[in-house]
Amino acid sequence: MITSQWHIGPALLGALWWLAASATAHAQSAPSPDSTDGGVRWFQSREPFAPLIADPLETQIRGSVISADLDVDEIEGADPEGLEVLAGRHAEAEVAVGYRQNVVQFQRESPGRPAIALAFEVGVFTRFLLDTPQKDFIGADFRVGLPFQIAYSGWEGRVAILHMSSHFGDDLFSRLGLPNAQVTFDGFQLIAARRLIPPVRLYVGGSFNFHSNPGVEELAAQWGVEWDESAVSRSGHVWPLVAADFRITDETERVAGTALAGATFRISSTRLQLSVRGHFGPSTIGKFRNIDENFIGLGVRIIP
């Protein structure tokens, strides 16, 4: 299990080493940061493909307080007494901390030429049970990826190699007495998007896992829609926000949906998104990926 969890590390490090080594070759020809000829740039802030808003496992900085209802009857092998804390509707907290850096921008978008960039990302997605005095740690999902991004004339695309690792929280693991604390998978994700108008983006995609533990999907399809005026507007300080993300896997064969509606506030160079957030279908907690849950609550996302 340890080997399967970490074998993607050398591949990621090797890719980053190649990028760093190629910097020497580009040093003579690369334009200065202030030039406009669209050449190679390193560690730029703007990405051709903005992160998906409603995807619960997208790399972001966000948190929310939710009222959740998990189908505990489907948790096989758990201690019935331990399951009482998850039975019925209860209060939980979501905390996601992620970072994505645009490592190399090969070119900017210009007439006849798309924007192309390669980034590196890491993210941790956690859930906590607020109804217990010790605020039980329910579970955590870890994400590491290399997303290759492209955008041109309202079309956007992203293909990424991803490693995901899903773990039970220690509190819940000991409470339920379950035999397996984690699952992992490595795979590719492809997302294609179209901006109907600059603030509105439709997307569709899928993923293939070339390595996965038993009980983890091999194939998944994903689609969604977003309306985020703040992504393209520099005037004003408050904009409406609506987004929905849907997903189905060969493991569950059921649709999972996450949606939010609210507003985006700009404070200096930072955007703050406040929203009502809801979910139905298979759980967003990786270790409960085969179990249905629904929740609704209030969330906040910070976009530096």
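All of the points below concern the structure found in this document. (Residues numbered from 1 in each chain as written. Predicted model: local features only at pLDDT ≥ 70, side-chain atom pairs only at ≥ 80, totals over all residues. Heavy atoms only, no water.)

**A short note on the overall build of the chain**
Then, in step 1: Within the chain, the regular secondary structure consists of four helices and 13 strands.
Then, in step 2: If you take every contact in the chain between residues at least 6 apart in sequence, the share linking residues at least 24 apart comes to 61%.
Then, in step 3: Total accessible area on the chain is roughly 14300 Å²; 64% of this is exposed by carbon and sulfur atoms. (Helix = DSSP H or I, 4+ residues; strand = E, 2+ residues; numbered from the N terminus. Contact = heavy atoms within 4.5 Å. Areas by Shrake-Rupley, 256 points an atom, 1.4 Å probe, with all protein chains shown as cover.)

**Describing the nonpolar core**
Then, in step 1: By size, the foremost hydrophobic cluster in this structure holds 16 residues, and its most contacted members are Leu70, Ile75, Leu86, Leu172 and Phe288.
Then, in step 2: Discounting chain neighbours no more than four positions away, the residues touching leucine 172 are Leu86, Phe137, Ile138 and Phe288. (Core = buried A, V, L, I, M, F, W, Y, C linked by side-chain atoms within 4.5 Å. Buried < 20%, exposed > 50% of the residue type's maximum accessible area, 1.4 Å probe, protein only.)

**Focus: the environment of leucine 118**
Then, in step 1: Structurally, leucine 118 is set in strand β4 (residues 115–129).
Then, in step 2: Take leucine 118: its relative accessible area is 15%, and that puts it in the buried class.

**Focus: the pattern of salt bridges**
Then, in step 1: With the rule as written, the count across this model stands at 16 salt bridges.
Then, in step 2: Linking arginine 158 and glutamate 58 is a salt bridge whose minimum nitrogen-to-oxygen distance equals 2.7 Å. Here glutamate 58 lies in the loop between β1 (41–44) and β2 (61–70) and arginine 158 lies in strand β6 (residues 155–168), a separation of 100 residues in the sequence.
Then, in step 3: Residue class for arginine 158 comes out buried when judged on its relative accessible area of 2%.
Then, in step 4: In this structure, a network of salt bridges that share partners links the residues Glu47, Glu58, Arg100, Glu121, Arg143 and Arg158. (Salt bridge = Lys/Arg side-chain N within 4 Å of Asp/Glu carboxyl O.)

**Looking at the layout of surface pockets**
Then, in step 1: Approximately 1400 Å³ is the volume attributed to the largest pocket.
Then, in step 2: For the largest pocket, the lining is made up of 44 residues, of which Ser45, Arg46, Glu47, Ala50 and Arg271 are closest to its centre.
Then, in step 3: For the lining of the largest pocket, the elements supplying multiple residues, two or more each, are β3 (89–107), β5 (137–152), β6, β9 (219–228) and β13 (293–303).
Then, in step 4: Considering every element that reaches the lining of the largest pocket, the biggest residue donor is β3, with six residues.
Then, in step 5: Grouping the amino acids of the lining of the largest pocket by side-chain chemistry returns 18 nonpolar, twelve polar and 14 charged.
Then, in step 6: Space inside the second largest pocket adds up to approximately 460 Å³. (1 Å grid on protein atoms, 1.4 Å probe; cavity = no way out; pocket = protein on both sides within 12 Å on 5 of 7 lines; lining within 4 Å. Points joined across faces, edges and corners; volume = space filled by probe spheres on them. Nonpolar A, V, L, I, M, F, W, Y, C, P; charged D, E, K, R; others polar.)

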